[in-house]
Amino acid sequence: MEGFVLEHGMIGGIAAKYGAKVLYNERIAGYTSFNIGGVCDVVVMPGSADCIRELIAACRSTGTKYYIFGKCTNVLISDKGLRGVVIIIGSDYSAVKRKGTRLICEAGAPLIKVCNAAKEAGLTGLEFAYGIPGSVGGALYMNAGAYGGEMKDVVVCCEYLDTDGSVKSINTADMGLSYRHSVFTGSDKVILSVSFELKPGDKAAVAEKMNETMRRRREKQPLEYPSAGSTFKRPEGYFAAKLIEDSGFKGYTRGGAQVSEKHSGFVINRGGATYSDVCGIIGDIQAKVFADTGVKLECELIKVE
Ligand SMILES: Cc1cc2nc3c(=O)[nH]c(=O)nc-3n(C[C@H](O)[C@H](O)[C@H](O)COP(=O)(O)OP(=O)(O)OC[C@H]3O[C@@H](n4cnc5c(N)ncnc54)[C@H](O)[C@@H]3O)c2cc1C
């Protein structure tokens, strides 16, 4: 079935119809913050909701596997690449519009762009998100958060493509937002746009808070190396990084992957790290931390193969 779609150029045809970028046999590593991932059959970068809808309908009708990504900053993709169609909802679908205190963003808009729009308009509420490198779609998918804030605090509604191909709109109360979770997590729904409701604030104060957040990130996180951010979710009552360090994993290395010496919650790619290097580290940490403390560490990054 995959061959059918590729041979008949259905995906290429839809991409051409909408002027979307399409690449064949493309190595995905360069699109990810981890710089890991092999050659994928087809990578498409849609620029409109209609294009996304048609691509998914074509995949569904032909039984072709497809994957949705934003900025690929929370994923660990197999070195074998991905068979089927990779749909990257990124910078080609990233318009941000402001209406008063509301920012309406296409799903591929990078959080940094949305934060900058808020800053420019003197709107407060999104300071916590400054420096989270994902898209708004990816951020809503897992209710991204930092420094005491989370998407749940600022999102008011979103539009998404439901599994039957229809476009629906829901408010925050129906998004099931909790720690690193939403109704979208693990579902086949695709987030198309996200609206934020912010509060009027002082432009200089907003800018200062964002700069301060970024300073803290630079100081504490190994931003000089590729990674997918925090490897594990925060277990209730504990800090993952402390558990990892206490079990002796600071600096622990497998191939090109290493538990960061700067922040044990991050696995970094020191050069040439593979999917299995990182998976190996994750498995070793989970086993030892469980043996030492009885705490089960759950992955925050998403393995895709
Ligand atoms: C250095 C660094 C620091 C980080 N700091 C933080 C932090 O402080 N807080 C935090 O929460 N996260 C953090 N992250 C992780 C990551 O940036 C966030 O999880 C971000 O929200 C992921 O967005 P993305 O667009 O990159 O998603 P991707 O990695 O592309 O995808 C992640 C998941 O979301 C799904 N998805 C993406 N877009 C859509 C869409 N439009 N519709 C439906 N599903 C979609 C994908 O299918 C996938 O399952 C950090 C990462 C790095 C590398």
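Check the entry above for the structure.
To start, this report covers the structure provided alongside it. (Residues numbered from 1 in each chain as written. Predicted model: local features only at pLDDT ≥ 70, side-chain atom pairs only at ≥ 80, totals over all residues. Heavy atoms only, no water.)

## Concerning the sheet that holds strand β1 (residues 21-27)
Point 1. Within the open sheet, the four strands sit side by side as β1-β2-β5-β3. Their pairing is mixed. Whereas interior strands pair on both sides, the edge strands pair on one side only; in this sheet they are β1 and β3 (66-69). Across the sheet, the axes of successive neighbouring strands diverge by a mean angle of 25°, strand direction being ignored.
Point 2. As judged from the six bridges shared by β1 and strand β2 (residues 39-45), these two strands associate in the antiparallel manner. Note on β2: the bridge partner recorded for Lys21 is Met45. (Pairing = 2+ DSSP bridges. Helix = DSSP H or I, 4+ residues; strand = E, 2+ residues; numbered from the N terminus. Axes fitted to C-alpha atoms, helices over the stretch in contact; angles between N-to-C directions.)

## Observations concerning the environment of Arg217
Point 1. Tracing the sequence through the fold places Arg217 in helix α7 (residues 203-220).
Point 2. Apart from residues no more than four positions distant in its own chain, Arg217 is found in contact with Phe128, Tyr130, Gly131, Ile132, Ala146, Tyr147 and Leu223. (Contact = heavy atoms within 4.5 Å.)

## Description of the sheet that holds strand β15 (residues 227-230)
Point 1. What the four strands build is an open sheet, ordered β15-β18-β17-β16; its pairing is antiparallel. At either end of the open sheet lies a strand with only one pairing partner, and these are β15 and β16 (253-254).
Point 2. Direction of pairing for β15 relative to strand β18 (residues 266-269): antiparallel, over a ladder of two bridges. Each bridged residue has a counterpart across the sheet, and for Ser230 the counterpart in β18 is Phe266.
Point 3. Packed onto the sheet, helix α9 (residues 275-293) meets β16, β17 (257-259) and β18 and runs at close to 30° relative to β17.

## Observations concerning the site of the ligand
Point 1. In the vicinity of the ligand there are 34 residues, among which Ile68, Gly70, Thr73, Ser135 and Gly145 approach most closely.
Point 2. Here Lys71 contributes a backbone N or O atom positioned 2.9 Å from an oxygen atom of the ligand.
Point 3. Arg217 places a side-chain nitrogen or oxygen 2.8 Å from an oxygen atom of the ligand.
Point 4. In isolation the ligand has 970 Å² of accessible area, and contact with the protein removes 93% of it.
Point 5. Among the elements of the structure, β3, α5 (136-141), β9 (145-146), β13 (190-197) and β15 are those that each provide at least two residues to the shell around the ligand.
Point 6. Residue contributions to the shell around the ligand peak at four residues, all from α5. (Near = heavy atom within 4 Å. Polar contact = N/O pair within 3.5 Å; in protein donor to acceptor, adjacent residues only side chain to side chain. Areas by Shrake-Rupley, 256 points an atom, 1.4 Å probe, with all protein chains shown as cover.)

## Section: the packing of helix α2 (residues 10-18) against helix α3 (residues 49-62)
Point 1. Relative to each other, α2 and α3 sit at 170°, their axes nearing to 10 Å. Relative to α3, α2 is oriented roughly antiparallel. When the axes of α2 and α3 are compared, the crossing they make is right-handed. Of the residues in α3, those touching α2 at Met10, Ile11, Ile14, Lys17 and Tyr18 are Asp50, Cys51, Glu54, Leu55, Ala58, Cys59, Ser61 and Thr62.
Point 2. Of the residues contributing to the contact of α2 with α3, the split by class is eight nonpolar, two polar and three charged. (Parallel < 35°, antiparallel > 145°, perpendicular 65-115°, else oblique. Left-handed = near helix turned anticlockwise from the far one by under 90°. Nonpolar A, V, L, I, M, F, W, Y, C, P; charged D, E, K, R; others polar.)

## Some thoughts on the environment of Val44
Point 1. Looking at the element boundaries, Val44 is found in strand β2.
Point 2. For Val44, a relative accessible area of 0% gives the class buried.
Point 3. A sequence separation of 32 residues divides Val44 from Gly12, and the C-alpha atoms of the two residues are 8.7 Å apart.
Point 4. If sequence neighbours within four positions are ignored, Val44 has contacts with Ile11, Ala15, Ala20, Lys21, Val22, Leu55, Val85, Val86, Ile87 and Ile88. (Buried < 20%, exposed > 50% of the residue type's maximum accessible area, 1.4 Å probe, protein only.)

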